[in-house]
Amino acid sequence: MERRDVAAKFHFLRFKAAGSDGIRLTMESALTARDRVGVQDFVLLENFTSEATFIENLRKRFKENLIYTYIGSVLVSVNPYKDLEIYSKQHMERYRGVSFYEVSPHLYAIADNSYRSLRIERKDQCILISGESGAGKTEATKKILQYYAVTCPASDQVETVKDRLLQSNPVLEAFGNAKTLRNDNSSRFGKYMDVQFDYKGAPVGGHILNYLLEKSRVVHQNHGERNFHIFYQLLEGGEDDLLRRLGLEKNPQQYHYLVKGQCARVSSISDKNDWKVVRRALSVINFNDNEVEDLLSIVASVLHLGNVQFAADEQGNAQVTTENQIKYLARLLGVEGSVLREALIHKTIIAKGEELVSPLNLEQAAYARDALAKAIYGRTFSWLVNKINKSLAYKEAECPGWRSATVLGLLDIYGFEVFQHNSFEQFCINYCNEKLQQLFIELTLKSEQEEYESEGIAWEPVQYFNNKIICDLVEEKFKGIISILDEECLRPGDATDMTFLEKLEETVKNHPHFLTHKLADQKTRKSLGREEFRLLHYAGEVTYSVTGFLDKNNDLLFRNLKETMCNSENTIINHCFERTELTDKKRPETAATQFKNSLSKLMEILMSKEPSYIRCIKPNDAKQAGRFDEVLIRHQVKYLGLMENLRVRRAGFAYRRKYEIFLQRYKSLCSETWPTWEGRPHDGVAVLVKHLGYKQEEYKMGRTKIFIRFPKTLFATEDALEIRKQSLATKIQATWRGFYWRQKFLHMKHSAITIQSWWRGTQGRRKASKKKWAVETIRRFIKGFIYRNYPRCSENEYFLDYIRYSFLMNLKRNLPKNVLDKSWPTPPPSLYEVSQLLRQLCMQNMVWSYCKRISPEWKQQLDQKVVASEMFKGKKDNYPQSVPRLFINTRLGTEEINPKVLQVLGNETIKYAVPVVKYDRKGYKARVRQLLLAQNAIFIVEEAKIKQRIDYANLTGISVSSLSDSLFVLHVRFEDNKQKGDVVLQSDHVIETLTKTAMSADKINNVNISQGSIKFTIGQGKEGIIDFTSGSELLIAKAKNGHLAVVAPRLNSR
Ligand SMILES: Nc1ncnc2c1ncn2[C@@H]1O[C@H](COP(=O)(O)OP(=O)(O)OP(=O)(O)O)[C@@H](O)[C@H]1O
Ligand SMILES: [Mg+2]
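Parameters and conventions
Residues numbered from 1 in each chain as written. Chains lettered and ligands numbered in written order. Predicted model: local features only at pLDDT ≥ 70, side-chain atom pairs only at ≥ 80, totals over all residues. Heavy atoms only, no water. Donors = N, O, S within 2.8 Å, 3.2 Å for Na, K, Ca; no water. Helix = DSSP H or I, 4+ residues; strand = E, 2+ residues; numbered from the N terminus. Buried < 20%, exposed > 50% of the residue type's maximum accessible area, 1.4 Å probe, protein only. Pairing = 2+ DSSP bridges. Axes fitted to C-alpha atoms, helices over the stretch in contact; angles between N-to-C directions. Contact = heavy atoms within 4.5 Å. Polar contact = N/O pair within 3.5 Å; in protein donor to acceptor, adjacent residues only side chain to side chain. Parallel < 35°, antiparallel > 145°, perpendicular 65-115°, else oblique. Left-handed = near helix turned anticlockwise from the far one by under 90°. Nonpolar A, V, L, I, M, F, W, Y, C, P; charged D, E, K, R; others polar. Disulfide = S-S within 2.5 Å. Expected span 1.5 Å × (residues − 1). Patch = residues over 30% accessible without salt bridge, like charges linked within 9 Å, V, L, I, M, F, W, Y side chains within 5 Å. Areas by Shrake-Rupley, 256 points an atom, 1.4 Å probe, with all protein chains shown as cover. Salt bridge = Lys/Arg side-chain N within 4 Å of Asp/Glu carboxyl O. Lys, Arg positive; Asp, Glu negative; His and termini not counted. Charge placed at Lys NZ, Arg CZ, Asp CG, Glu CD.

This part takes up the coordination of the magnesium ion (ligand 2). For the magnesium ion (ligand 2), every protein donor is listed as Thr 138 (OG1) and Ser 187 (OG), and the spread of their distances is 1.9 to 2.0 Å. A residue pair is termed long-range when its members are at least 10 positions apart, and Thr 138 in helix α6 (residues 137-151) and Ser 187 in strand β5 (residues 186-187) qualify at 49 residues. The class of Thr 138 is buried, set by a relative accessible area of 13%. Relative accessible area serves as the criterion here: at 14%, Ser 187 is assigned to the buried category.

With that settled, consider the sheet that holds strand β6 (residues 190-197). As summarised here, the arrangement of the seven strands in space is β1-β2-β16-β3-β12-β6-β7, forming an open sheet in which the pairing is mixed. Only two strands of the sheet have a single neighbouring strand rather than two, namely β1 (68-71) and β7 (203-211). Going across the sheet, the axis of each strand differs from the next one's by a mean of 20°, ignoring polarity. Relative to the sheet, helix α17 (residues 424-455) contacts β2 (74-78), β3 (125-131), β12 (406-412) and β16 (610-617), its axis offset from that of β16 by approximately 125°.

Here we take up the side chain of Asn 553. Residue placement: Asn 553 occurs in helix α22 (residues 549-554). Here the side chain of Asn 553 touches Asp 486 through a polar contact of 2.9 Å, side chain to side chain.

By the secondary structure assignment, Lys 852 is in helix α33 (residues 832-853). Sequence separation between Lys 852 and Glu 630 is 222 residues, and the spatial gap between their C-alpha atoms is 121 Å.

The subject of this paragraph is helix α9 (residues 229-237). The buried count for α9 comes to eight of nine residues, which makes it a mostly enclosed element. Turning to α9, its buried residues number three or more, namely His 229, Ile 230, Phe 231, Tyr 232, Gln 233, Leu 234, Leu 235 and Gly 237.

Now for the packing of helix α15 (residues 337-345) against helix α23 (residues 559-566). For the pair α15 and α23, the least separation of the axes is 8 Å and the interaxial angle reads 160°. Comparing their axes, α23 and α15 come out roughly antiparallel. Classified by chirality, the crossing of α23 by α15 is left-handed. Every residue of α23 that contacts α15 at Val 339, Leu 340, Ala 343 and Leu 344 is listed here: Asn 560, Leu 561, Thr 564 and Met 565. The residue makeup of the contact of α15 with α23, split by class, is six nonpolar, two polar and no charged.

Here we come to the state of the cysteines. Inspection of the entire model under this criterion finds zero disulfides. No disulfide involves Cys 576; its nearest neighbouring cysteine sulfur is the one of Cys 566, lying 11 Å away.

With that settled, the discussion passes to helix α20 (residues 497-508). Taking 1.5 Å of rise per residue, the 12 residues of α20 would be expected to cover 16 Å, and the 16 Å separating its terminal C-alpha atoms lies within 8% of that figure. The complete set of buried residues in α20 reads Asp 497, Thr 499, Phe 500, Leu 501, Leu 504, Glu 505 and Val 508. On its buried side, α20 packs onto α18 (468-475), α19 (481-490), β13 (514-516), β14 (532-537) and α22.

Once that is clear, we can look at a positive patch on the surface. On the surface, Lys 250, Lys 272, Lys 276 and Arg 280 cluster together to form a positively charged patch. Summarising the element assignment, Lys 272 is placed in helix α12 (residues 271-284). Overall, Lys 272 belongs to the partly exposed group, its relative accessible area being 49%.

What follows is the structure in structure tokens.
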């Protein structure tokens, strides 16, 4: 895009001037998205001082299930009260090692950022998670731990540590969490957990600090609340055997300490399942069976203690009425039953070195019993934390390089609490929050200021409320509320909660953040009870009732009960109650002082680390998903100091980024910085913002970062980038497509050329080898031809083979088709003999196969034809005409022969009959006769009369002319008297008739073929002559010379 173009669009977006529809649309879509889901960092809110805008942004995001939003580097989290799909392994991977601002706000971003600072800068880190009860602090802590467990490097040993870190949670929650009205799994203690990482970044150890367990819950619960989970878990999940050993019944209703809140069962909690989880977790964190048994004995003993009842004797002194419970307690706690019983109803005071034992009245006894229950449970809880710490401890000996371990702390501590009735606990909790707020302000302001200084930008003082004044009110020596409380607890005489209040009024009456009924003006007074005092915390007013303050602060446990516990055989109890406590003259520290000291230690710990913040907000009191209770949220926004936080963050500049990152993101908006800027990033950004037309007051250039004062400047830049991205995307797409197709084309071209050249090569080689072969063959041929007549030798063997081969192949193709086919390929001289042999073989073969196919009738026909051929071939002119005509068995059927003749012939079979013409011997008159060939004789028949019989034996010969006529003469033995002489006959089938006759009479060799004339005998020595001549047509007549003259037609074949 042209430089002028971008600038114009940029300005267009800044001032929403009219422009092309496309641009407006893009701009609007970006803006509506921002409208819909809000901004992901509150510092980008234009109206950053408006609480309404702040809450509106939270609301928009909450509706879209975007529960996380930043204020700079602080994460604000709204409890969704439903499972969102944002904690999967894939999500963890998405945040791993990625810069904070590249991905949408998430717990994992904070976790990863801290972890990376820890690794890169080797600086201890802490993540402070705060918010009111039910806001999601504990869940956040667990999710962060899970994140580290999944994403940090691991080894076998590390795996165990990871397991223990994760498994410490269910155990601590079982003993330290309870269902309250606000949260079904409310942490009733503060927790600070250090995770130690080795130089490779693997978690190798951990340590937990616990703060102020709400012990009062052990003996009393408000309506709708429960005691600590472990009691219900044990009763619900404990095996029968275990419960029997502990003397417990499955029903929680049996125990006074469990029924005060009247809700032993909660639908959202499965005590049975949780029990299993806890049992498993206990073994992971190194509890052996004895320890588990001792621990559960203590849990059971608290329940039994709750059921210990008293009755007053005549003097009004308390007596134990529930012996059974004492028995169980004695067994479970490993103490003498009687000693315990006495300790429960007496109090020992040491005055002036003397022990004074006095009985307790009913009220005192109940107090003592409850105090014991609280003490047992409270100390066991601390023991449990220590035990977990031992299992999490980073074993120096096992892990060399301990020195290099860095620590990441997670603080999950109770948030600011305001109830209808607020007591000592709320006082401590809210004091804790004041301290944390102070730390927060100090650290954020400090870091903000440090950043400005390091960037060389003038520091502009920020107006914010410093709550140090409230912290002082609570903790100051001599003048602070805790000091006064302690003083009241320690002073001799009748100190009561009310005297404490009076003392307070006296000491801090002028403090602007302190108020009591007495000190208040008329109007406010109504809202304050006489036993109450009000503190104006940074987060709002809280009215505390002093009732119970002294007791709770004293945390008194009568000496004789302590003593009894010191003698306990239960190892845990024995551990928790040390003998030194009895002998120590110094009074133990009060609860408030202990708390104050532990907080001050905590502040030290936190100050030494680089903090990150997660501010948890609870969207409604009903634990309902999707409900955004604005009043409740506004309240939390206020007391979490989020607006303050935002103001501090926005005091100077809304947005800051390292030059490299800023340039990288926006360089495409300026042709001079796009696509790469060669110079320093600082200069590049300067060129870029000048190009974008940033005004002087809108930004400042620090040493390593650019600071942008107003979000709108950034948004305009973002929107311009959005448009630019689209045109860039199109360009990149087009370029990419071009590149892609060109690559594809080049690839295909290359492939085609390769294939072509390969193919050409192959073809060329084939052609060359063919040519070579051809030359070789021709040469061999020529040589072979030259040497063809030599005996077989290397010079001619190919040629000869070829000749032989081609002759044989040719022969194979041109073999004679039948016996008559005389064709035969001409053999080369060298194969002449072979050819002859083959020809014979072939002929034999053909003949053989022909013969095999011949039928008997055909054989007979052929025999006759052969005989005919032998007799007449080349001798008689009309023989050729007879060749194609088949001989017929007989020319006359039996029906054509007179029956009389047949009768006369009797059993002589007639082999052949033919009509003939007989020429008389004398006049040569032609007469129609039938010639019959029988077995032994020839019969000449006229109608019914056999005119002549010629036995074959008497037939001496047959004469016939060589011409085409059909006359023939049967010569008969002269001596045969019966004969009248030779017979002259004519048959239309002369060849057939003569052949059959000659064959029947076996006179084949007696057939004469005469050239000119035939002589024949006409009885008694007389002779007749037939003269044959050829002429144009057949003529048979008696000539003048008395001969029979036959003119036979000339045939063409002759
Ligand atoms: N990120 C989350 N996703 C889904 N549900 C959540 C989330 N955070 C909290 N919750 C729900 O809110 C309940 C209360 O959360 P959690 O116990 O963490 O509150 P808390 O701030 O630790 O309260 P307390 O101060 O009482 O200990 C959880 O039991 C869970 O049901
Ligand atoms: Mg919690």
